[in-house]
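# Residue-level structure breakdown
Single-letter residue listing:
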Amino acid sequence: MAATNIEVWQQATVIETTAVTEHIKRIVLRPDLPRRADPGSHIDVKVNLPSSTQGEALKRSYSVVESANDGARLTVSVFRAPSSRGGSVAMHALQVGDTLEVTQPLQNFPLRIGAPRYLLLAGGIGITAIAAMARVLRELHADYTLVYAGRSRAAMAYLDDLQQLHGRQLVAHINDEGTNLDVASLVAALAPDTELYMCGPIRLMDSVRRSWLEKQLDPANLRFETFGNSGWYAPQEFTVRIPRLGISTTVSPDRSMLEALEDAGADMMFDCRKGECGLCEVRVLRLEGAIDHRDVFYSDRQQKAGEKICCCVSRVASVGAVGGAVQGPEQGLPGIVIEVP
Amino acid sequence: MSIAPAVESTSVQTTSRTSNASSTTNKVLGYPLNAWYVAAWDYEVTRKPMSRRIADRPLALYRAEDGRAVALADACWHRLAPLSLGKTLAGDQIQCPYHGIIYNSAGRCVSMPAQETINPSATVPSFPVVERYRYVWVWLGDATKADPELIPDMWQMTDPAWAGDGLTIPVNCNFQLVLDNLMDLTHEEFVHGSSIGQEELSESDFVVTHEGNTVTVTRWMLDIDAPPFWRKNIRDKFPGYEGKVDRWQIIHFESPSTICIDVGVAKAGTGAPDGDRSQGVNGYVMNTISPETVKTSHYFWAFMRNYRLESQLITTQLRDGVSRVFKEDEDMLEAQQAAIDANPDYEFYNLNIDAGGMWVRRLIERQLAAEGRLVPFA
Ligand code: FES
Ligand code: FES
Ligand SMILES: [Fe+2]
């Protein structure tokens, strides 16, 4: 776990691409400066926007699903949301032989070796952050269970491979087969010394967090990775204004409010850009719609109060748009008026 | 190792090797990371955190309330303030002295005083720790390989049939120079002339064997006068003994940096070389060297004996006596490191007496190569 988090950028060559589900592509990279990737690590990737003429690049983080030969062969998996027009589209367009800029493996989600028992919990594409952990725990003969939840068998990347590798250690919950995951009873059944590592949609992680608190388990044993890319509402377009600076812009579904404000010329403070540190905090002056808090920086109380938001991940949604129904522009865009430091 | 060969024989030596054999002409060596190193004596690690650098990694060492030793990176996640200046709290927790972030023994933040939530990324590296043989051992490499079975065998440290004590020497030299020193004891005649040195050391034959990750050098000196240190020891068991002795030194190295030396003398001709040591005194010099940096080391040693176990006086006399002897080594090793640094363009040459040390170097270089870390240091 002694990985450092110094970003070392390098070129990597695509050596394999495979569609593992309808929307998930597995991409194998050969980096120029290989470095061992411990379980839980990710790489940052500069993806060029296909729509951009100025060679505009976005930085995206992808978990290392598998690292072989001390990092000389790195596998990532990219989920392309049906609505996406941004980074994941460019990643899906990669061909064998293409090169791209990536960091050496970075670590924010280290697996501790030596816990008495483990529960690994993956929802959907979250499996990419969890798969390598499961493999290491299996090799170490650790006491672990891998719980993998998804909508349908066809949408769950690597399910067959994982089943083969982990056998009875793997418990799959598949919505359209009626074996939905019951988070409360999962957490209720845990031995108190279990360490839980999870990655998945915010609903799943939030309900685990609540059950964890209810059962008064040690908060330090609940580990999670969030790239801030999943929310309570489907991402939709909204407007943002900073009256003091005379800035007014629109945030498209595949960009963050922070990115949109930067594009519009605001000098924004930030650090993690994934909803953890709170440095991108802005004050809410007025709101048309609902805040979709996607950060883990604010407490429930602070999120409910709705006075401040982390603009790197959080969004504004139309009231009543819960569950993915995106309102048409004819009804007027949701919007937010903010003040920035 | 210098780039330009000083003389031709050096370049012949390095280039004529087959590709799978490692060079043995590096003057000093890097340290393997996938290894257990002693970070501290058991008594040094307490509820009050301490700092110690092992393999270039500053560690904060402390004990949890239940007595378990903990090793965290000695740098807070937030602004890298040393946790060793902080304080331990209930259970296994430690608080950063600067802005009060609290971590548990796994290095996970459990409290972030200035906000209502905890940043999920807030962790400091926590290193595997095992307490064994009166030492606190740490593993700084790949934690998935940290098998306690790999801790070097130093059973004499805690065996009830043995008694003794030791100290730590901070020595300003590369750890390999200490290993070289212990693998060739002919230096005793010149460095330790007033205590354990005698000319028979250089005159007597020795045998080197190696197996797996161990190297053994065996030397017997038969029917000799006991040097002052050993004259005193044999008289502790056989008061007034005047005669000649058979003396032995059996040096056991276990990779990467532990050397236990079976030493002793017995009344000459009483069968010690054939295994009957009843007419002698037997000690074990327990040495384990933890690289602090490439040029500094923590040298942990103890002298254990299997006679007169009840005598605390003898324990203290032996510890002090060996300590004086080792001070002579320390002075020589630091002078040697300084000369190496001052003469970067000069090479090492090897003698027949270096055979033990050369096997040690080969084992360590193999381990470094396996870790992809075999790089020459100047
Ligand atoms: S930049 Fe860290 S929370 Fe937004
Ligand atoms: S440096 Fe440790 S809390 Fe700030
Ligand atoms: Fe010596």
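Residues numbered from 1 in each chain as written. Chains lettered and ligands numbered in written order. Predicted model: local features only at pLDDT ≥ 70, side-chain atom pairs only at ≥ 80, totals over all residues. Heavy atoms only, no water.

### Some words on the overall build of chain A
Basically, it comes down to this: The numbering of helices and of strands both runs from the N terminus, where a helix is a DSSP run of H or I of at least 4 residues and a strand a run of E of at least 2. Buried means the residue's accessible area, taken with a 1.4 Å probe over protein chains only, is under 20% of the maximum for its type, while exposed means over 50%, and partly exposed covers the values in between. Whether two residues are in contact is decided by their heavy atoms, any of which lying within 4.5 Å being enough. In these tables, accessible area is a Shrake-Rupley quantity obtained with a 1.4 Å probe, and a residue counts as shielded only by the protein chains included in the view. Charged residues are defined narrowly, with Lys and Arg counted positive, Asp and Glu counted negative, and His plus the chain ends left uncounted. Note that the charge is assigned to NZ on lysines, CZ on arginines, CG on aspartates and CD on glutamates.
Within chain A, the secondary structure is distributed over seven helices and 20 strands. For the C-alpha atoms alone, the extent of chain A along its principal axes is close to 60 × 50 × 40 Å. Looking at chain A residue by residue over its 341 residues, the buried ones come to 51%. For chain A, the proportion of contacts with a sequence separation of at least 24, taken over those separated by at least 6, is 66%. Total accessible area on chain A stands at roughly 15,400 Å², and carbon and sulfur atoms take up 49% of it. Of the charged side chains in chain A, 35 are positive and 40 negative, and the gap between their average positions amounts to 1 Å.

### A closer look at the side chain of Asn104(B)
Here Asn104(B) shows up in the loop between β7 (102-103) and β8 (109-111). Here Asn104(B) falls in the buried class, since its relative accessible area comes to 6%.

### Brief notes about the sheet that holds strand β13 (residues 222-224) of chain A
All names here are of chain A. Note the threshold: Strands are labelled as partners when DSSP assigns at least two bridges between them. For helices, the fitted line uses only the C-alpha atoms of the stretch in contact; every axis is such a line through C-alpha atoms, and the angle between N-to-C directions lies from 0 to 180 degrees.
Read from one edge to the other, the open sheet built from five strands follows the order β11-β10-β9-β12-β13, with strand pairing classed as parallel. Either end of the sheet is taken by a strand with one partner, and the two such strands are β11 (170-174) and β13. In this sheet, neighbouring strand axes are inclined to one another by 15° on average, regardless of whether the strands run parallel or antiparallel. Strand direction decides the pairing type here: strand β9 (residues 117-123) and strand β10 (residues 144-150), joined by six bridges, are parallel. Across the sheet, residue alanine 122 finds its bridge partner in β10, namely tyrosine 148. Across the sheet, helix α2 (residues 127-139) is in contact with β9, β10 and β12 (194-199); its angle to β9 comes to roughly 155°. Those strands touched by helix α5 (residues 202-214) are β9, β12 and β13, and its axis lies near 160° from that of β12.

### Some words on the confidence of the model for chain B
Residue and element names in this part refer to chain B. Which entries qualify depends on this criterion: For every residue, the predictor states its confidence as a pLDDT score lying anywhere from 0 to 100.
In this model, chain B carries an average pLDDT of 92, and 93% of its residues clear a pLDDT of 70 or more. Contacts for the low-pLDDT stretch residues 1-24, under 50 throughout, to residues beyond four places or in other chains number 33 contacts. Among the scores for the predicted complex, ipTM is 0.86 and pTM is 0.89.

### A few points about the domain arrangement of chain B
Residues and elements named next belong to chain B. Applied cut-off: These domain boundaries are the output of an automatic or database domain assignment. The term buried area denotes the loss of accessible surface (1.4 Å probe radius) that occurs when two parts are joined, taken as the sum for both partners. Salt bridge, as applied in this entry: a Lys or Arg side-chain nitrogen positioned within 4 Å of an Asp or Glu carboxyl oxygen. Polar contact is the term for a pair of N or O atoms within 3.5 Å; when the atoms are in protein, one must be able to donate a hydrogen and the other to accept it, and sequence-neighboring residues count only if both atoms are side-chain atoms. Three classes are used: nonpolar for Ala, Val, Leu, Ile, Met, Phe, Trp, Tyr, Cys and Pro, charged for Asp, Glu, Lys and Arg, and polar for all others, with Gly counted as polar.
One can read the domain layout of chain B as domain 1 (43-140) and domain 2 (153-370). Look at where the C-alpha atoms of domain 1 and domain 2 centre, and you get two points 35 Å apart. Between domain 1 and domain 2, the residue contacts involve ten residues of the former and 18 residues of the latter. Across the domain 1/domain 2 interface, buried area totals approximately 1,200 Å², and carbon plus sulfur atoms make up 58% of it. At the surface where domain 1 touches domain 2, the tally comes to one salt bridge. Applying the counting criterion to the domain 1 and domain 2 interface returns five residue pairs in polar contact (both at pLDDT 80 or more). Listing elements by their share of the side of domain 1 that touches domain 2, those giving two or more residues are β2 (50-54) and β11 (135-139). At three residues, β2 tops the list of elements feeding residues into the side of domain 1 that touches domain 2. The class makeup of the residues in the side of domain 1 that touches domain 2 is five nonpolar, no polar and five charged.

### Considerations on the interface of chain A and chain B
On the chain B side, the residues contacting the 24 residues of chain A number 18 residues. Taken together, both faces of the contact between chain A and chain B bury some 1,800 Å²; the carbon and sulfur share is 51%. Viewed at the interface, chain B and chain A are joined by three salt bridges. Among the salt bridges present, the one from Glu195(A) reaches Arg108(B), with a minimum N-O distance of 3.2 Å. Counting the contacts that link chain A with chain B gives ten residue pairs in polar contact (both at pLDDT 80 or more). At the level of elements, β12, β13 and α7 (300-305) of chain A are the ones that each hand at least two residues to the side of chain A that touches chain B. The residue inventory of the side of chain A that touches chain B, partitioned by class, reads 13 nonpolar, four polar and seven charged.

### Remarks on the coordination of the iron ion (ligand 3)
All names here are of chain B. For the record, the criterion: Excluding water, the donors of a metal are its N, O and S neighbours within 2.8 Å, or within 3.2 Å for Na, K and Ca, and that exclusion means sites may look incomplete. A four-donor site is called tetrahedral if each angle lies between 85 and 135 degrees; a four-donor site is square planar, and a six-donor site octahedral, when trans pairs exceed 155 degrees and the remaining angles lie between 65 and 115; all other cases are labelled irregular.
Those protein atoms acting as donors to the iron ion (ligand 3) are His187 (NE2), His192 (NE2), Asp329 (OD) and Asp329 (OD), and they sit at 2.1 to 2.3 Å. Its four donor atoms give the iron ion (ligand 3) angles of 58 to 146° at the centre, a pattern that matches the irregular case. Written as a sequence motif, the donor residues of the iron ion (ligand 3) are H-x4-H-x136-D. The same class applies to histidine 187 as to histidine 192, namely buried.

### Considering the packing of aromatic side chains
Residue and element names in this part refer to chain B. Here is the rule we go by: For Phe, Tyr and Trp, where Trp contributes only its six-membered ring, two rings pair if their centres lie within 6.5 Å, and the inter-plane angle classes them as stacked under 30 degrees, edge-to-face over 60, or tilted in between.
Per the stated rule, a full pass over the model turns up 16 aromatic pairs over all chains. With a centroid separation of 5.2 Å and 85° between ring planes, the pair formed by phenylalanine 229 and tryptophan 230 is classed as edge-to-face. For the residue pair phenylalanine 229 and tryptophan 230, the accessibility class agrees, reading buried in each case. When the ring of tryptophan 301 is compared with that of phenylalanine 326, the centres are 5.1 Å apart and the planes differ by 80°; the resulting orientation is edge-to-face. Of the two residues, tryptophan 301 is situated in strand β18 (residues 297-305) and phenylalanine 326 in helix α6 (residues 312-342); the sequence distance between them amounts to 25 residues. A residue is classified by how much of its surface remains accessible, and tryptophan 301, at 0% relative accessible area, is buried. Judged by its relative accessible area of 8%, phenylalanine 326 falls in the buried class.

### Section: the side chain of His166(A)
Residue and element names in this part refer to chain A. With respect to the helices, strands and loops of the structure, histidine 166 is situated in helix α3 (residues 159-166). Assessed through its relative accessible area of 4%, histidine 166 is described here as buried. Non-local contacts of histidine 166, meaning those with residues more than four positions away in its chain, are made with Ala134, Arg135, Arg138, Tyr144 and Leu146.

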